[in-house]
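Structural description and commentary
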Amino acid sequence: MLNVLKLSMLLLLNVSCQPKTEKNTISVQKVNVTKTDKILFIVSNQKTYGSSSIKTSNHFGEIVYAYDVLLNAGYEVDFVSPKGGAVSFGYLNRTNPIQKKYLKDAILLSKLKNTLVPKNVNTRAYKAVYYVGGGAAMYGVPENVEIQKIAIDVYEKNNGIVSAVCHGSAGIVNLKTSNGDYIYKGKNVNGYPDKFERMNASYYQEFPFSIEQQLKKNGGKFSYSQKNRAQYYQVDGRLITGQDPSSAKIIAQKIIETLQTK
């Protein structure tokens, strides 16, 4: 009887130590692919225009229009900001169905309350970065060296995408590749143009620079639509940029298309 028990125990141990079946291996591969098919949204901690008391924020529409497309395509989205933690969002349109949906979305709201700090970002996990606009984008992000490194690592080491929308293009103004060239040098690039800025307004007087002028100065082929909210965008290789909130959804679609054709 004792020998029988010993034999049974050996059989059980032998079965438990067998390699995983092909089905289990495939399952693990799918999980790994999912974990690396991530997009990183870059947002700002800024709450006012410069040192003024004029309130600003990240553009909620530019977040959710892109977020919704990417999420439905199966991508996971994370958020990073210069300081990490909570970021403000505004420019709300509560009649827009996508905005209404995500204003009640606990997962997204939690992500915006708990954005990553740059040092905690594992750049190897991301296929693309997406610079969100809104007035806040003009501050904190463009000059942040850690975020610049994240974006370039995704672009060069991961063969990934750098994208931006509206004032989010401020984030790429100082972005240089490892050879020292601006990432947009000689490329078609876009962002919120001077034509639609109210340059005499108090908020604009607080801006550290003009997106259009800086991109042109540093060798970018800046273009824009003469009509605002025209869904204007530019794709030049793995650099994708859009003019205003109406371009956010298209930017996300172009990210997906570009990733699928790489």
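See the structure above.
Throughout what follows, the structure given in this document is the object of discussion. Note that the coordinates shown come from a computational prediction; the quantities given were computed from them, not determined experimentally.

Looking only at helices and strands, the chain features 9 helices and 10 strands. Pairs at least 24 apart in sequence give 76% of the contacts found in the chain among residues at least 6 apart. Here the chain displays about 13,500 Å² of accessible surface, and carbon together with sulfur accounts for 52% of that area.

The next point concerns the packing of aromatic side chains. Under the criterion given, the structure shown has 15 aromatic pairs. Seen from their ring centres, F41 and F79 are 5.2 Å apart, and the 65 degrees between their planes marks the pair as edge-to-face. Placement of the pair is F41 in strand β1 (residues 38–42) and F79 in strand β3 (residues 76–80), with a sequence separation of 38 residues. One exposure class covers both F41 and F79, and it is buried. Put simply, the rings of F41, Y67, F79, Y102 and Y130 touch in pairs and so form one group of aromatic residues. Over the ring of Y155 we find R238, and its NZ or CZ is 4.2 Å from the ring centre.

The end-to-end C-alpha distance of helix α9 (residues 248–261) is 20 Å, a good match for the 20 Å that 14 residues give at a rise of 1.5 Å each. Looking at the buried residues of α9, the elements they touch are β1, α3 (60–72), β5 (126–131), β6 (161–165), β9 (233–236) and β10 (239–242).

In this section: the pattern of salt bridges. Oppositely charged side chains can pair when the atoms bearing their charge come close. Under the criterion given, the structure shown has 10 salt bridges. Residue D78 pairs with K111 through a salt bridge whose shortest N-O separation is 3.5 Å. With D78 in strand β3 and K111 in helix α5 (residues 106–113), the pair connects residues that are 33 residues apart, well separated along the chain. This pair shows no difference in class: D78 is buried, exactly as K111 is. One salt bridge connects E212 with K216, and the closest N-O pair in it is separated by 2.8 Å. With E212 and K216 both in helix α8 (residues 211–217) and 4 residues apart, this pair spans about one turn of that helix. For E212, a relative accessible area of 8% gives the class buried. The exposure class of K216 is partly exposed, given its relative accessible area of 44%. Connected through shared salt-bridge partners, K38, E76, D78 and K111 make up one network.

This part is about the nonpolar core. Within the largest apolar cluster, 36 residues are counted, with the highest numbers of intra-cluster contacts made by V129, Y131, V162, I172, L175, Y184 and L215. Contributing elements (two or more residues each) for this core: β1, β5, α6 (145–156), β6, α7 (202–205) and α8. Here this core gets 6 residues from one element, more than from any other, and that element is α6. What V162 contacts, discounting residues up to four positions off in sequence, is V129, Y131, A151, Y155, I172, L175, I183, R238, L239 and I240. Counting 34 residues, the second-largest nonpolar core is a separate cluster that includes V43, I63, A128 and I161.

With that settled, consider the sheet that holds β1. Reading across from one edge, β3-β1-β5-β6-β10-β9 is the order of the 6 strands in this open sheet, with mixed pairing throughout. Two strands lie at the open edges of the sheet, namely β3 and β9, each paired on one side alone. Pairs of neighbouring strands in the sheet enclose a mean axial angle of 15 degrees, with direction left out of account. Pairing geometry for β6 and β10, over 4 bridges, is parallel. Its bridge partner lying in β10, V162 is registered against L239. In the packing of α6 onto the sheet, the strands contacted are β1, β5 and β6, and the crossing angle to β5 comes to about 135 degrees.

Each value, and the rule that gives it
- Residues numbered from 1 in each chain as written.
- Predicted model: local features only at pLDDT ≥ 70, side-chain atom pairs only at ≥ 80, totals over all residues.
- Heavy atoms only, no water.
- Helix = DSSP H or I, 4+ residues; strand = E, 2+ residues; numbered from the N terminus.
- Contact = heavy atoms within 4.5 Å.
- Areas by Shrake-Rupley, 256 points an atom, 1.4 Å probe, with all protein chains shown as cover.
- Phe/Tyr/Trp six-rings, centres within 6.5 Å; stacked < 30°, edge-to-face > 60°.
- Buried < 20%, exposed > 50% of the residue type's maximum accessible area, 1.4 Å probe, protein only.
- Lys NZ or Arg CZ within 6 Å of the ring centre and 35° of its normal.
- Expected span 1.5 Å × (residues − 1).
- Salt bridge = Lys/Arg side-chain N within 4 Å of Asp/Glu carboxyl O.
- Core = buried A, V, L, I, M, F, W, Y, C linked by side-chain atoms within 4.5 Å.
- Pairing = 2+ DSSP bridges.
- Axes fitted to C-alpha atoms, helices over the stretch in contact; angles between N-to-C directions.

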